[in-house]
Amino acid sequence: MSWTEERVKLLKKLLNDGMTASQIAKELGGVTRNAVIGKIHRLGLSSRPDQSTEPSGTPEEARNDPESRETTKGDSDQVPTNGSSVPLRKTILSADQPLPPQPSANEVSAEALANVREVEMNAPKISLLELTERTCKWPIGDPATDEFWFCGLAAKPGKPYCEAHIAVAFQPPNSRRDRRR
């Protein structure tokens, strides 16, 4: 199947009419839902006009209209919101739009980082060949340079790192979850 100008025009029309990717694929024939989504993305189109408000007509009319309630199994571009049985559609970001910032679960407290820096200044700075079961195996620096070394301080029993590096590497799940809020 190739995307001719005629098929692209029909895709745009069906998209503007509010059809789902599955419905468009069925209407075009010989193309999958994913191919439709990919083409929409490559064309830089929004998948839907803004439908953050109720559809036209009363909510009761919308609930009784079979076309406004129609969903296709596996069609992930429809989601009900606000407890309504009327599905609203997600908006697909175009390729040139940046993603919204996401909180990082890997953030470490400034206090822990300051402690690590102080420990690293006083560490024995050992090479890979000098590592043992009892030494901290925290890598420091760029492995492609001669300035690369391992911490080498005494490792906590059963752990690969010293106490300072454990505080950075192994964070309790609750503190990670709290930072995301």
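Our structure's up above, just so we're on the same page.
Residues numbered from 1 in each chain as written. Predicted model: local features only at pLDDT ≥ 70, side-chain atom pairs only at ≥ 80, totals over all residues. Heavy atoms only, no water.

One can find V36 in helix α3 (residues 33-43). For V36, a relative accessible area of 0% corresponds to the buried category. Once the C-alpha coordinates of V36 and L15 are considered, the two residues, 21 residues apart in sequence, prove to be 9.9 Å apart. Apart from residues lying up to four places away in sequence, V36 is in contact with W3, L11, A21, I24, A25, L28 and V31. (Helix = DSSP H or I, 4+ residues; strand = E, 2+ residues; numbered from the N terminus. Buried < 20%, exposed > 50% of the residue type's maximum accessible area, 1.4 Å probe, protein only. Contact = heavy atoms within 4.5 Å.)

Further remarks concern the pattern of salt bridges. Under the defined criterion, the tally for this structure stands at one salt bridge. Note that D17 and K13 form a salt bridge whose closest N and O atoms lie 2.8 Å from each other. Of the residues examined, D17 reaches a relative accessible area of 47% and is grouped as partly exposed. (Salt bridge = Lys/Arg side-chain N within 4 Å of Asp/Glu carboxyl O.)

In the structure shown here, the tally under the stated rule is two aromatic pairs. Relative to Y161, the ring of W138 lies with its centre 5.0 Å away and its plane at 75 degrees, an arrangement referred to as edge-to-face. Here W138, found in the loop between α6 (110-122) and β3 (139-140), pairs with Y161, found in the loop between β4 (149-150) and α7 (163-169); they are 23 residues apart in sequence, far enough to count as distant. The class of Y161 is buried, set by a relative accessible area of 18%. Ring geometry for F148 against F150: centres 5.2 Å apart, planes inclined by 75 degrees, an arrangement best described as edge-to-face. Assessed through its relative accessible area of 25%, F148 is described here as partly exposed. Here the basic side chain of K125 rests over the ring of W149, its NZ or CZ set 5.1 Å away from the ring centre. (Phe/Tyr/Trp six-rings, centres within 6.5 Å; stacked < 30°, edge-to-face > 60°. Lys NZ or Arg CZ within 6 Å of the ring centre and 35° of its normal.)

That's the geometry; what it means functionally is another story.
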